[in-house]
Amino acid sequence: MDFEKTRFNMVEQQIRPWEVLDQTVLDLLFHVKREDFVADNQRQMAFVDTELPLPNGSKMLQPKMEARLAQDAAIQPSDKILEIGTGSGYLTALLAKLGKHVVSVEIDAAQKERAAANLKKAGIRNVSLVEGDGVLGLPEQAPFDVIVVGGSLPVVPQELKDQLAVGGRLIMVAGDLPVMSCKLIQRETETSFRETALFETCIERLKKFEAVEPARFSF
């Protein structure tokens, strides 16, 4: 398989049409090798427009979704980033290349170790992996310039908004099937936030909540 040709096709046929036009992000997709973040038997599937299953039962986001999250978070080189749901570590790697440091929280210990190995192989060093439930963030390490949530939730937790620095951005998918919305929340002052609905989509629930009815959530 010609990985570079397939990678080029992924960018041109899947990612650009999804309004990912930031050249820095597009360049990263050629330098951070997505096939190195999946199981050996999935390498040829790494560029397909689908969510790939991970060993712990969760799923790796579609390539276009990972690229769009990385772009729309408007990450700056000085940014301190919180990622909730490390998964394969691929989105983590993109965020780390764009910002100063990423703290990524993964609820599954084995998946955290797999992601750590993937990141090490890719030469990504400005990442701290934390095992735990990240839905309520990491208040002891706040504030963050950017928070990225790698799975959907019924609502946007206030706890995450409160951990943004002034000027910080939270990007995540919220809502219920059949239609969810990717939201960008910007902290404008200590007490005010601006929320923008970017696009409609559906992605997997964060692992802890995938089998729980929305009515049982309380943030």
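Refer to the structure printed above.
Residues numbered from 1 in each chain as written. Predicted model: local features only at pLDDT ≥ 70, side-chain atom pairs only at ≥ 80, totals over all residues. Heavy atoms only, no water.

Peer 1: Outline the overall build of the protein, supporting the account with residue identities and numerical values.
Peer 2: For the protein, the helix and strand inventory stands at 6 helices and 9 strands. A compact globule built from 219 residues should have a C-alpha radius of gyration of about 17 Å, and the protein, at 16 Å, falls within 12% of that. For the protein, with 219 residues in total, the buried portion stands at 51%. Excluding contacts between residues fewer than 6 apart, the proportion of contacts in the protein whose partners are at least 24 apart in sequence is 54%. In the form shown here, the protein has an accessible surface area of approximately 10,000 Å², with 49% of it arising from carbon and sulfur atoms. Side-chain charges of the protein comprise 26 positive and 32 negative groups, with the mean position of each set lying 3 Å from the other. (Helix = DSSP H or I, 4+ residues; strand = E, 2+ residues; numbered from the N terminus. Rg over C-alpha atoms; globule rule 2.2 N^0.38 Å. Buried < 20%, exposed > 50% of the residue type's maximum accessible area, 1.4 Å probe, protein only. Contact = heavy atoms within 4.5 Å. Areas by Shrake-Rupley, 256 points an atom, 1.4 Å probe, with all protein chains shown as cover. Lys, Arg positive; Asp, Glu negative; His and termini not counted. Charge placed at Lys NZ, Arg CZ, Asp CG, Glu CD.)

Peer 1: Please set out the pattern of salt bridges residue by residue, giving values where relevant.
Peer 2: Counted by the stated rule, this structure contains 15 salt bridges. Here aspartate 49 and lysine 64 are joined by a salt bridge, their closest N and O atoms 3.3 Å apart. Pair noted here: aspartate 49 is in the loop between helix H2 (23-31) and strand E1 (52-53) and lysine 64 is in helix H3 (residues 63-72), with a separation of 15 residues, a long-range link. Here lysine 112 and glutamate 113 are joined by a salt bridge, their closest N and O atoms 3.1 Å apart. In this structure lysine 112 comes out as buried when scored by relative accessible area, which is 16%. By sharing partners, the salt bridges in this structure join Glu4, Arg7, Lys33 and Glu35 into a single network. (Salt bridge = Lys/Arg side-chain N within 4 Å of Asp/Glu carboxyl O.)

Peer 1: Let's hear about the state of the cysteines: which residues, and what values?
Peer 2: Applying the stated criterion across every chain, the model contains 0 disulfides. Cysteine cysteine 202 is unpaired, with the sulfur of cysteine 182 as its nearest cysteine sulfur at 12 Å. Judged by relative accessible area, cysteine 202 falls into the partly exposed class, the value being 32%. (Disulfide = S-S within 2.5 Å.)

Peer 1: Got a sec to walk through the pairing of strand E8 (residues 179-187)? Specific residues and values, please.
Peer 2: Taking burial as the measure, the 9 residues of E8 include 7 buried ones, the bulk of the element. Taken together, the 8 bridges between strand E7 (residues 164-176) and E8 define a ladder with antiparallel strand orientation. Looking at the pairing, isoleucine 171 lines up with leucine 184 of E8. If you look at the hairpin formed by E7 and E8, you'll find 2 residues sitting between the two strands. Across 8 bridges, E8 lies against strand E9 (residues 193-201) in antiparallel orientation. Bridge pairing in E9 links arginine 187 to phenylalanine 193. Counted along the chain from E8 to the antiparallel partner E9, the turn is 5 residues long. (Pairing = 2+ DSSP bridges.)

Peer 1: Got a sec to walk through the nonpolar core? Specific residues and values, please.
Peer 2: If you look at the biggest cluster of nonpolar residues, it comprises 45 residues, and the most contacted ones within it are Leu29, Met65, Leu69 and Leu91. Where this core is concerned, the elements lending two or more residues are helix H1 (3-15), H2, H3, helix H4 (90-98), strand E6 (144-149), E7 and E8. Sort the elements by how many residues they give to this core and H4 lands first, with 7 residues. Apart from residues no more than four positions distant in its own chain, methionine 65 is found in contact with Trp18, Val173, Cys182, Phe199, Thr201 and Ile203. Counting residues in each nonpolar core, the second largest holds 18 residues, with Val103, Leu153, Leu164 and Met172 among its members. (Core = buried A, V, L, I, M, F, W, Y, C linked by side-chain atoms within 4.5 Å.)

Peer 1: Tell me about the side chain of lysine 64, and name the residues and values.
Peer 2: A relative accessible area of 14% places lysine 64 in the buried class. A distance of 3.3 Å separates polar atoms of two side chains, one belonging to lysine 64 and the other to aspartate 49. (Polar contact = N/O pair within 3.5 Å; in protein donor to acceptor, adjacent residues only side chain to side chain.)

Peer 1: Pulling in residues and values, what's your account of the sheet that holds strand E5 (residues 127-131)?
Peer 2: Taken in spatial order, the 7 strands of this open sheet run E5-E4-E3-E6-E7-E8-E9, and their pairing is mixed. Pairing within the sheet leaves two strands with one partner each, and these edge strands are E5 and E9. Strand-to-strand twist in this sheet, taken as the mean axis angle between neighbours without regard to direction, amounts to 15°. Its contacts with the sheet put helix H5 (residues 109-121) on strand E4 (101-106) and E5, and the angle it makes with E5 is roughly 170°. (Axes fitted to C-alpha atoms, helices over the stretch in contact; angles between N-to-C directions.)

Peer 1: Any chance you could break down unusual backbone geometry for me, citing the residues and the numbers?
Peer 2: At the junction of alanine 142 and proline 143, the peptide bond is cis and its omega measures out at 10° in the coordinates. One can find proline 143 in the loop between E5 and E6. Here the residue pair leucine 177 and proline 178 is connected by a cis peptide bond, since its omega of 10° sits within 30 degrees of zero. Along the polypeptide, proline 178 turns up in the loop between E7 and E8. Phi is positive for glutamate 19, close to 65°, though the residue is something other than glycine. Mapping glutamate 19 onto the fold places it in the loop between H1 and H2. The exposure class of glutamate 19 is exposed, given its relative accessible area of 54%. The backbone of alanine 74 sits at a positive phi, close to 50°, despite the residue not being glycine. Secondary-structure assignment places alanine 74 in the loop between H3 and strand E3 (80-84).

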